[in-house]
Structure formats: structure tokens, C-alpha cells
Amino acid sequence: MGDFFITGIQQVGVGTVDFRKSWDWFIDMFGFDVRILEDDTVAERMLPYTGNMPQKRHACIAVNLNGGGGLEIWQYSERKPKPADFTVAAGDLGIFAAKIKCRDVRSFHAGIKSRWQDCSDIYETPDGTPCFFVKDVFGNCFQVIQRSDTFLRQNILSGGVCGAMMGVSDADRSVAFYRDILGYDTVIYDRTGVFDDLIFLPMGNQRYRRVLLGRSREAKGAFAELMGGNTVELVQALDRTPRKIYEGRYWGDPGFIQICYDVTGMNELGRFCAEKGHPFTVDSCPDGEVFDMGDASGRFTYIEDPDGTLIEFVETYRVPVVKKLGWFIDMGRRNPEKPLPRFLFRVMGWISRQKTK
């Protein structure tokens with residue numbers, strides 16, 4: 001992988017028409033109650049995906065300290081968000097479901113079902129892992145999947161994001177992309193057929209090819225222990241021609257916007273992606289400047305997978321711990337491969353929860 005490394009999934013973006021309503025749902029149902037950053041400014045560097053015009057938005061990244069990636073909850077502040085004008089179905093091109101890890105799927109399902117009816121029964125994935133699907137308050141689909149790894153044990157059974165399900169037009173081509181660019185070098189399963197666990201999803205009763213990919217390399221980096229392991233599942237529709245989820249819409253419109261990876265060594269990663277035929281389509285700091293993201297700072301870039309699904313990379317330079325005390329972590333002053341101490345996340349969690357009460 002050269003002189004850079006990809007730690008794990010930092011977040012999956014979720015566009016919404018109501019920022020507060022969406023975040024409240026994610027806090028209540030999935031425990032995403034720790035705010036890593038929040039920003040209410042103008043997105044000036046995403047012009048290829050926002051109609052070549054800067055767009056004002058309100059966004060935050062929230063995490064569940066049981067571990068896993070976060071959610072970037074995102075709403076346009078001045079432009080009216082444009083939902084898809086069709087029902088997004090399994091296998092449509094782009095991210096059609098995010099994966100949420102859970103240490104006890106059956107118990108968590110019982111709790112969700114007693115408060116929220118828009119969820120499936122419990123099934124098993126093709127490799128026998130217990131799972132179920134649930135739709136959020138605006139109809140976005142999440143696959144809750146059994147995983148035993150925990151970062152800081154919280155008073156909720158679910159954890160953070162541990163992957164995504166992506167519709168693809170050619171599974172073999174996409175497997176090569178996610179293997180060669182993102183390091184998903186392990187095929188956990190590759191199955192074709194009609195699957196019981198997909199029945200809850202629109203058009204879930206059709207035939208699909210499903211390829212679940214994992215990474216064999218042990219993750220390293222400041223956030224490695226928080227983010228934990230992850231997978232991507234590539235889903236190819238075989239009985240119909242899938243639609244592109246964001247066709248005719250902007251980045252940030254309702255739905256799953258992008259999957260974002262925490263990285264170290266952005267310059268080297270950029271050269272690597274370009275050599276592989278996938279150059280950055282967006283670079284927040286092409287001249288080496290620092291990009292402020294609310295209380296944090298860093299650099300973000302984008303590439304596209306073979307079907308145009310957006311892949312974001314973020315290299316973090318500064319992380320706030322206690323803003324009022326001026327307590328920030330300067331990532332450039334520490335060993336980039338060493339995980340941050342867990343007590344820092346406990347402090348960040350306590351501070352964040354006081355603000356959101």
C-alpha cells in the first residue's frame with residue numbers, strides 16, 4: 001500500500017431534510033450520542049458535486065463509543081434538499097444500506113421492535129451471521145449485524161458503522177477496485193440467488209450476486225481501536241437494470257452520500273490512486289494548506305468507484321478534546337501508527353453528552 005495507510009471507516013454520510021430529527025433518531029435508536037465535530041458553514045470545495053456552486057450546510061460527525069465508524073449527518077441550510085424521485089431498492093448503484101454492529105442482535109431487535117415498527121425479522125447473512133434491517137425516520141436502510149468487538153462498553157447493545165452495502169453493475173470489476181485501492185483483499189462470501197435477509201428491502205425478492213469483502217491487514221492509526229474492523233458488501237442486481245441513487249442530485253441530498261476512510265499519508269495515497277486510474281476528483285488542500293472543519297482540521301479528498309459511488313478520504317491534523325480549555329490533539333506531534341488513549345474518548349464522550357442533554 002506504499003507510504004500511506006487506511007485505518008478504517010471514519011463515517012458514512014447521511015443526507016437529510018431535518019438535521020435535528022435525524023440525529024435525535026440516531027441517538028435514540030443506535031446510540032450515536034458523541035459529537036466529534038459540528039460545522040455550519042459553506043461547502044466551498046465540493047463544486048463538482050454541488051452544481052459548481054458553494055452550498056451552505058449544517059453537518060456533524062457523531063459516534064457510538066461501543067466502537068465503529070460514525071455517521072456524518074448532513075443537511076443543506078439554504079438549498080431545499082432533493083430526495084430521490086424513485087424508491088431506492090437493493091442493488092441500486094451507490095450505498096443503499098449502512099451496516100451497524102451489535103453485540104447481541106436478538107436482544108437489540110426486541111428492544112427496537114417495541115419502539116419502532118419499521119424493521120425486519122431476524123435473519124442470517126449468507127455466512128450465517130444474525131442480522132436484521134431497520135429504516136430510519138426518513139427511510140434510510142441500516143443492516144444491524146452481529147459483531148462481538150467493543151471499544152468502550154456503553155449502556156446500549158449497538159455500536160457504530162462497520163460497513164456498507166453498495167449496489168454495483170459489475171461485481172468482478174468492483175471487487176478489483178475495492179481490493180486494489182482500499183485493501184479489501186479477503187472474500188468472506190460470494191453467493192448468488194434469492195436471499196431471505198433481503199426480503200425487507202424494496203425488490204429484495206429478486207436474484208442478486210452478493211460479495212462480502214474484508215481486510216486481512218491489522219488496522220493501525222490513531223483511531224484504529226475506535227473504528228474497529230469493517231467490511232463492504234457489493235450487491236449486483238441480476239433480474240433488472242439498477243438505477244443510480246444520486247442520478248440528477250447533489251452530494252448531500254437525502255440518502256447515503258459517501259463512505260469515508262481515515263487515512264495517513266494523503267499525498268502518497270493520491271499518487272497511488274492516480275496510478276491505479278482513480279485520481280482525486282476533489283482535494284480540499286491541493287496546495288498543502290490546512291482545512292478547518294469546525295473545531296477540527298485536516299484534509300479531505302474524494303474518488304469514485306466504478307459506478308460513481310463517492311469514496312472520501314480524511315487525514316486528520318487536529319482533534320478537539322475540551323475546546324473551552326484549549327485542549328486539542330495535534331496529530332502531527334505523535335506516532336501516526338499508535339492508537340489514541342481510550343481515556344481521551346471517555347472525556348470527549350462526557351463533554352459531548354453534557355452539551356446534548
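Now for a quick tour of the structure. Computed from a prediction, not measured in an experiment: that's the story for all the values here. (Residues numbered from 1 in each chain as written. Predicted model: local features only at pLDDT ≥ 70, side-chain atom pairs only at ≥ 80, totals over all residues. Heavy atoms only, no water.)

**Notes on the overall build of the chain**
Rule in force here: Helix numbers and strand numbers start at the N terminus; a helix is a DSSP run of H or I with at least 4 residues, a strand a run of E with at least 2. In this treatment the radius of gyration is a C-alpha quantity, and the globule benchmark scales as 2.2 Å times the residue count to the 0.38 power. Under the scheme applied here, a residue whose accessible area is under 20% of the maximum for its type counts as buried, over 50% as exposed, and between as partly exposed, the area being computed with a 1.4 Å probe on protein chains only. The contact criterion used is simple: two residues touch if any of their non-hydrogen atoms lie within 4.5 Å. Counting rule for charge: Lys and Arg are taken as positive, Asp and Glu as negative, and neither His nor the chain ends is counted. Taken as the charge location is NZ of Lys, CZ of Arg, CG of Asp or CD of Glu.
Within the chain one finds six helices and 19 strands. Computed over the C-alpha atoms, the radius of gyration of the chain is 19 Å, within 12% of the 21 Å expected from 2.2 N^0.38 for a compact globule of 357 residues. Burial status across the chain gives 57% buried among its 357 residues. The long-range fraction of contacts in the chain, counting pairs at least 24 apart against all pairs at least 6 apart in sequence, stands at 71%. Here the chain holds 45 positive side-chain charges and 48 negative ones, and the gap between their average locations is 4 Å.

**Considering the layout of surface pockets**
Where we set the bar: In this analysis the probe radius is 1.4 Å and the grid spacing 1 Å, with only protein atoms considered; a cavity is a set of points the probe fits into but cannot get out of, a pocket is an open set with protein on both sides within 12 Å along at least five of seven lines, and lining residues have an atom within 4 Å of a point. Grid points are joined across faces, edges and corners, and a volume is the space filled by probe spheres set on the points. Under the scheme applied, nonpolar residues are Ala, Val, Leu, Ile, Met, Phe, Trp, Tyr, Cys and Pro; charged residues are Asp, Glu, Lys and Arg; polar residues are all the others, including Gly.
The computed volume of the largest pocket comes to approximately 420 Å³. Around the largest pocket sit 24 residues that line it, and Val88, Phe138, Gly139, Asn140 and Gly255 are the ones nearest its centre. When the residues that make up the lining of the largest pocket are grouped by side-chain class, the tally is 16 nonpolar, six polar and two charged.

**Looking at the environment of Cys260**
Positionally, Cys260 belongs in strand β14 (residues 255–264). Sequence separation between Cys260 and Leu71 is 189 residues, and the spatial gap between their C-alpha atoms is 9.7 Å. Those residues within four positions of Cys260 in sequence are excluded, and the remaining contacts are Gly8, Ile9, Gln10, Gln11, Glu312 and Val314.

**Focus: the packing of aromatic side chains**
We describe a pair of aromatic rings using the distance from one ring centre to the other and the angle between the two ring planes. Test applied: Between 30 and 60 degrees the pair is tilted, below 30 it is stacked and above 60 it is edge-to-face, where a pair is any two Phe, Tyr or Trp rings, Trp via its six-membered ring, whose centres lie within 6.5 Å. Geometrically, a charge over a ring is one whose NZ (Lys) or CZ (Arg) sits within 6 Å of the ring centre while staying within 35 degrees of the ring normal.
As enumerated under the stated definition, the model contains 20 aromatic pairs in all. Look at Phe142 and Phe256: their rings are 5.3 Å apart centre to centre, the planes differ by 80°, and that puts the pair in the edge-to-face class. Highlighted residues: Phe142 in strand β9 (residues 141–146) and Phe256 in strand β14, separated in sequence by 114 residues. The same class applies to Phe142 and to Phe256, which are both buried. Taking the centre distance of 6.4 Å and the plane angle of 90° together, the rings of Trp251 and Tyr302 count as edge-to-face. On the criterion of sequence distance, the pair formed by Trp251 in the loop between β13 (231–237) and β14 and Tyr302 in strand β17 (residues 296–304) is long-range, its members being 51 residues apart. Here the two residues Trp251 and Tyr302 agree in accessibility, since each one is buried. The lysine or arginine in question, Arg79, covers the ring of Tyr76, its NZ or CZ lying 4.7 Å from the ring centre. Over the ring of Phe200 we find Lys135; its NZ or CZ atom is 5.4 Å from the centre of that ring.

**Examining empty space enclosed by the protein**
Here the structure, examined in full by the defined rule, presents two cavities of 30 Å³ or more. Of the volumes computed, that of the second largest cavity is approximately 40 Å³. Lining the second largest cavity are Asn66, Lys101, Cys102, Arg103, Arg147, Asp149, Thr150, Leu157, Ser158 and Gly159. Residue assignment for the lining of the second largest cavity shows that the elements contributing at least two residues are β6 (94–102) and β10 (158–167). Taken together, the residues of the lining of the second largest cavity break down into two nonpolar, four polar and four charged.

**A short note on the sheet that holds strand β7 (residues 123–124)**
Operational definition: Here a strand pair is declared whenever DSSP counts at least two bridges between the two strands.
An order of β7-β8-β9-β6-β10-β13-β12-β11 is seen for the eight strands of this open sheet, with the pairing classed as mixed. The open sheet has two edge strands with one neighbour each: β7 and β11 (186–193). Sheet topology places β7 next to strand β8 (residues 130–135); two bridges connect them, and they run antiparallel. In the strand pairing of β8, Glu124 is matched with Pro130.

**Quick look at helix α1 (residues 19–30)**
Inclusion rule: One fewer than the residue count of a helix, multiplied by 1.5 Å, yields its expected span.
In a regular helix each residue adds 1.5 Å, so twelve residues correspond to 16 Å; α1 covers 16 Å between its end C-alpha atoms and thus fits that length. Looking at the residues trailing α1, positive phi occurs at Gly31, about 75°.

**Here's the deal with the pattern of salt bridges**
Opposite charge on two side chains makes pairing possible when the charged atoms of those side chains draw close. Under the convention used in this document: The salt bridge definition used is simple: a Lys or Arg side-chain nitrogen within 4 Å of an Asp or Glu carboxyl oxygen.
The tally for this structure, following the rule as stated, stands at 22 salt bridges. Notably, a salt bridge pairs Lys56 with Asp40, separated by 3.1 Å at the nearest N-O pair. Here the residue Lys56 occupies a position in strand β4 (residues 55–63), and Asp40 occupies one in the loop between β2 (34–39) and β3 (42–43), the gap between them amounting to 16 residues. Of the residues examined, Lys56 reaches a relative accessible area of 25% and is grouped as partly exposed. Residue Asp40 is classed as partly exposed on the basis of its relative accessible area of 42%. Arg342 is paired through a salt bridge with Glu225; the nearest N and O atoms lie 3.2 Å apart. With Arg342 in helix α6 (residues 342–356) and Glu225 in helix α4 (residues 224–227), this residue pair connects regions lying 117 residues apart in the sequence. Salt bridges sharing common partners tie together Lys99, Asp197, Arg210 and Glu233.

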